[in-house]
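Summary of structural features
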Amino acid sequence: MCVVLRIVFTSLAILVLCAAPTQSTEASTLETGWARLKEPGTVAIMRHAIAPGTGDPGNFRIGDCSTQRSLDERGREQARRIGAAVRASGVKIDRILSSQWCRCVETAKLLEVGTVEQLASLNSFFEERSTESAQTEALRAFLNRLSDDETVLLVTHQVNITALTGVFPASGEVVLFRIGADGTPTVLERIRTGS
């Protein structure tokens, strides 16, 4: 009986710890979370909008959207809604950079907050984990070259965001962070965008 109770209490403790938010991050809604992006040195990284499924088909090719998992209508509407919230907040995005995957590029364009640039270090390594370290280091190097007065929004994939920040974002979720001199990010806030 004592062993069973110990297992139950240990399991409950783990669940409580997993559910508890970290002290360094705050969760905001789509309407209220953008103010911190106006602070110097803050960067936004976003997981692409809703694209049903996992990974990509075996015949995947960059630049050929017919070979990729794509946004559905809910995803397109989600991206438009997020872009409208950014514009309504008064935040001016200086640069918007995207993975070369079609679902990220489409998300970035539907935001309508600026001209979209593609950045290879934002490409997914879900299918090729051996590139995770090199891509994450390339992204950190890129972030270290940004000036503090530049407001940047990155559109990428869950695996890239998790590797960089430790956050496992939902589709369309935005993570605000600052990058330290050593390339280590400090997560400031998570903006929940809903589905």
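The structure reproduced in this document is the subject of the present report. (Residues numbered from 1 in each chain as written. Predicted model: local features only at pLDDT ≥ 70, side-chain atom pairs only at ≥ 80, totals over all residues. Heavy atoms only, no water.)

The next point concerns helix 2 (residues 73–89). Across its 17 residues, helix 2 extends 24 Å between first and last C-alpha, which sits within 8% of the 24 Å expected from 1.5 Å per residue. Taken residue by residue, helix 2 has G75, R76, Q78, A79, I82, G83, A85 and V86 as its buried positions. Lining the buried residues of helix 2 we find strand 2 (42–47) and helix 3 (102–111). Between the side-chain oxygen of the N-cap and the backbone nitrogen of R74 there are 3.1 Å, and the N-cap of helix 2 in question is D72. (Helix = DSSP H or I, 4+ residues; strand = E, 2+ residues; numbered from the N terminus. Expected span 1.5 Å × (residues − 1). Buried < 20%, exposed > 50% of the residue type's maximum accessible area, 1.4 Å probe, protein only. Contact = heavy atoms within 4.5 Å. Polar contact = N/O pair within 3.5 Å; in protein donor to acceptor, adjacent residues only side chain to side chain.)

Relative to the elements of secondary structure, Q78 occurs in helix 2. A distance of 3.0 Å separates a polar side-chain atom of Q78 from the backbone nitrogen of I50. With residues up to four places along the chain from it excluded, the contact list for Q78 reads A49, I50, S171, G172, T193, G194 and S195.

All chains considered together, the criterion is met by 1 disulfide. The residue that forms a disulfide with C65 is C102, at a sulfur-sulfur distance of 2.0 Å. The S-S bond linking C65 to C102 shows a torsion near -90°; that makes this disulfide left-handed. Of the two residues, C65 sits in the loop between strand 2 and helix 2 while C102 sits in helix 3, which places them 37 residues apart along the sequence. Looking at C65, the relative accessible area reads 40%, which means it is partly exposed. (Disulfide = S-S within 2.5 Å.)

Of all 6 residues making up strand 6 (residues 174–179), 5 are buried, and the element is well covered by its neighbours. Bridge analysis of strand 2 against strand 6 gives 5 bridges, and the strand direction is antiparallel. Its bridge partner lying in strand 6, M46 is registered against V174. Strand direction decides the pairing type here: strand 6 and strand 7 (residues 185–192), joined by 6 bridges, are antiparallel. By the bridge assignment for strand 7, V174 is matched with I191. Where strand 6 folds back onto strand 7 in an antiparallel hairpin, the turn is made up of 5 residues, including G183, whose phi is positive at roughly 90°. (Pairing = 2+ DSSP bridges.)

Counted by the stated rule, this structure contains 15 salt bridges. Between R80 and E77 there is a salt bridge, and its shortest N-O distance comes to 4.0 Å. Within this pair, R80 and its partner E77 are both found in helix 2, separated by 3 residues, close to a single helical turn. Here the residues in one salt-bridge network are R36, E39, R178 and E189, joined through shared partners. (Salt bridge = Lys/Arg side-chain N within 4 Å of Asp/Glu carboxyl O.)

Turning our attention to the packing of aromatic side chains. All chains considered together, the criterion is met by 1 aromatic pair. Here F60 and W101 contribute two aromatic rings whose centre-to-centre distance is 4.6 Å and whose plane-to-plane angle is 25°, an arrangement assigned as stacked. Residue F60 is found in the loop between strand 2 and helix 2, and its partner W101 is found in the loop between strand 3 (95–98) and helix 3; the two are separated by 41 residues along the sequence. (Phe/Tyr/Trp six-rings, centres within 6.5 Å; stacked < 30°, edge-to-face > 60°.)

The next point concerns the nonpolar core. Core analysis: the biggest nonpolar cluster contains 20 residues, and W34, I93, I96, L111 and L153 have the highest contact counts within it. Of all the elements in the fold, those that place two or more residues in this core are strand 2, helix 2, helix 3, strand 5 (152–156) and strand 6. Counting residues in each nonpolar core, the second largest holds 18 residues, with L139, V152, L164 and I179 among its members. (Core = buried A, V, L, I, M, F, W, Y, C linked by side-chain atoms within 4.5 Å.)

Our focus in this paragraph is helix 5 (residues 158–165). Of all 8 residues that make up helix 5, 6 are buried, and the element is covered over most of its length. Among the structural elements, strand 2, helix 4 (132–144), strand 5, strand 6 and strand 7 are those in contact with the buried residues of helix 5. Remark: G166 follows helix 5 within two positions and exhibits a positive phi of approximately 85°.

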